[in-house]
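# Tertiary structure, described
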Amino acid sequence: MSVKNFLSLTDFSRGDLEQIIERAAELKRLHESGIQHRPLEGKTMAMIFELKSTRTRVAFETGMHQLGGHAIFLRPDETQLGRGEPIEDTARVLSSLVDIVMLRVQDHVNISRFAAASSVPVINGMSDRFHPCQLLADMQTFAEKRGSIRDQSVAFIGDGYNMCNSYILASNQFEFDLAISTPAEFRPDEDVIDGNNRARWVATPEEAVSGANLVVTDVWSSMGRENERSERREAFRGFQVNSDLLDNADANALFMHCLPAHRGEEISDDLLDDPRSVVWEEAGNRLHSQKALLEFMLG
Ligand code: CP
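Description of the structure in this document. (Residues numbered from 1 in each chain as written. Predicted model: local features only at pLDDT ≥ 70, side-chain atom pairs only at ≥ 80, totals over all residues. Heavy atoms only, no water.)

This next bit is on the layout of surface pockets. One number sums up the size of the largest pocket: a volume of about 400 Å³. Around the largest pocket sit 24 residues that line it, and R104, V219, M223, L259 and P260 are the ones nearest its centre. Listing elements by their share of the lining of the largest pocket, those giving two or more residues are α2 (55-66) and α6 (162-173). By residue class, the composition of the lining of the largest pocket is eight nonpolar, nine polar and seven charged. Put simply, the second largest pocket is a space of about 210 Å³. The wall of the second largest pocket is formed by E18, I21, E22, M139, F142, A143, G147, S148, I149, R150 and F174. At the level of elements, α1 (14-32) and α5 (132-146) are the ones that each hand at least two residues to the lining of the second largest pocket. (1 Å grid on protein atoms, 1.4 Å probe; cavity = no way out; pocket = protein on both sides within 12 Å on 5 of 7 lines; lining within 4 Å. Points joined across faces, edges and corners; volume = space filled by probe spheres on them. Helix = DSSP H or I, 4+ residues; strand = E, 2+ residues; numbered from the N terminus. Nonpolar A, V, L, I, M, F, W, Y, C, P; charged D, E, K, R; others polar.)

This is the structure:
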């Protein structure tokens, strides 16, 4: 039997993704009504975090608990992975011990290797290529604030890294138009944008944001690239999202950021408190969308 993995948004059909987003809203309502829903009793998830996390870890751990299951947090340097046990061996062993595995890795190749050797479902909790769990929360947040994102205009400003790549895949899956503005040397991965007819790279942040219904950015120096921070601050000058730039967007535009944010770099000091910002709801929806994902994959 083939195993359902969630390594990128293209692993699921458009219908599956829409079902998860709708279910996330239902699970949020259940939770806010104080109604317990425990379909994953007896299920265990292993979470391997090669890189730091607040939202992804807490949302998965809390989500598994609320659904009646259990989550185990594993750091490579505290497991045999850190002593050189091969990824494939670890995947085979964990497959006989737990029901699902989530990994946050620097190099996407490692999550692909793990998934190829795993006989239980694998979730990408972020890699250098993609951050699909974040997109579930973003799409849920847009839907609850503005309704369907289909045929809406989205602008991504900043680094063409894992969040930008994920928005490119999302533009196809959720059928919205995506304008991307990055410095020329930090464009998104060519194999991700090539052939995608809903996403286009534009020359300036102003052009990307013009008329947009949603404006998104991410940090300029993602995890693993902190040592490039001073050069990147120079390279990304002019790509900050601030209230003046947002004024070019649609009057009802929303602003999202996956967090953590670097105020004074990719956003102005005050932007998270701008009335157009929905970053706190976006972060809170990590819980509900990841619960919906777990239910979909294990239910
Ligand atoms: N946005 C996000 O993935 O946050 P964490 O790095 O805190 O998990």
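That was the structure; now back to the text.
This part takes up the side chain of T182. Within the secondary structure, T182 is located in the loop between β6 (177-181) and α7 (190-193). A polar side-chain atom of T182 sits 3.3 Å from the main-chain carbonyl oxygen of F186. With residues near it in sequence (within four places) discarded, T182 still touches G158, D159, G160, R187, P188, W201 and F239. (Polar contact = N/O pair within 3.5 Å; in protein donor to acceptor, adjacent residues only side chain to side chain. Contact = heavy atoms within 4.5 Å.)

A few words on unusual backbone geometry. A negative phi angle characterises most non-glycine residues, just as the trans form characterises most peptide bonds. For the bond running from L259 to P260, omega is 0 degrees, close enough to zero to count as cis. Assignment of secondary structure puts P260 in the loop between β9 (254-257) and α11 (279-298).

Another point: the packing of aromatic side chains. Under the defined criterion, the tally for this structure stands at seven aromatic pairs. Centroid distance F49 to F73: 5.6 Å. Interplanar angle 40 degrees. Geometry classified as tilted. Placement of F49 in strand β1 (residues 44-49) and of F73 in strand β2 (residues 70-74) is noted, with a sequence separation of 24 residues between them. Their ring planes at 15 degrees and their centres at 5.5 Å tell us that W220 and F236 sit as a pair that is stacked. Remark: F236 occurs in the loop between α9 (229-235) and α10 (243-246) and W220 occurs in the loop between β8 (214-217) and α9; sequence separation between them is 16 residues. The same class applies to W220 and to F236, which are both buried. Here a set of aromatic residues connected by ring pairs shows up, and it is made of F6, F12 and F296. The ring of W201 carries R187 above its face, with NZ or CZ at 3.6 Å from the centroid. (Phe/Tyr/Trp six-rings, centres within 6.5 Å; stacked < 30°, edge-to-face > 60°. Buried < 20%, exposed > 50% of the residue type's maximum accessible area, 1.4 Å probe, protein only. Lys NZ or Arg CZ within 6 Å of the ring centre and 35° of its normal.)

Quick look at the site of the ligand now. Close contacts around the ligand come from S53, T54, R55, T56, R104, H131, Q134, C258, L259 and R286, and that covers them all. Taking Q134, its side chain carries an N or O atom lying 3.1 Å from a nitrogen atom of the ligand. Among the detected pockets, the ligand sits in the largest pocket. (Near = heavy atom within 4 Å. Sits in = over half its atoms within 2 Å of the grid points.)

Turning our attention to the environment of Q80. Checked against the element boundaries, Q80 lands in the loop between β2 and α3 (87-95). Classification of Q80 by relative accessible area gives partly exposed; the value is 40%. In this structure, the C-alpha to C-alpha distance between Q80 and T90, residues 10 residues apart in sequence, is 8.4 Å.

This part covers the side chain of R104. Locating R104 in the fold gives a position in strand β3 (residues 100-104). The side chain of R104 sits in the buried core without any salt bridge; E50 is the nearest counter-charge, 9.5 Å away. Once you skip the residues sitting within four places of it in the chain, R104 turns out to touch I48, F49, E50, L51, K52, S53, T56, G125, M126, H131 and M223. (Lys, Arg positive; Asp, Glu negative; His and termini not counted. Salt bridge = Lys/Arg side-chain N within 4 Å of Asp/Glu carboxyl O.)

Time to look at the pairing of β8. Every second residue of β8 is oriented toward a common face, with L214 and V216 on one face and V215 and T217 on the other, all of them buried. The pairing of strand β5 (residues 153-157) with β8 spans four bridges and is parallel. Its bridge partner lying in β8, I157 is registered against T217. Relative to β9, β8 runs parallel, the two sharing four bridges. For V216, the partnering residue across the bridge sits in β9 and is M256. (Pairing = 2+ DSSP bridges.)

Once that is clear, we can look at the sheet that holds β5. One open sheet accounts for five strands, arranged β7-β6-β5-β8-β9; its pairing is parallel. The open sheet has two edge strands with one neighbour each: β7 (199-201) and β9. Neighbour to neighbour, the strand axes of the sheet diverge by 20 degrees on average, direction disregarded. Contacting β5, β6, β7, β8 and β9, α6 runs over the sheet at an angle of about 160 degrees to β6. (Axes fitted to C-alpha atoms, helices over the stretch in contact; angles between N-to-C directions.)

Moving on, we come to the environment of D177. The topology assignment puts D177 in strand β6. For the pair D177 and F255, spaced 78 residues apart in the sequence, the C-alpha separation amounts to 16 Å. A distance of 3.1 Å separates the side chain of D177 from the side chain of R198, its partner in a polar contact.

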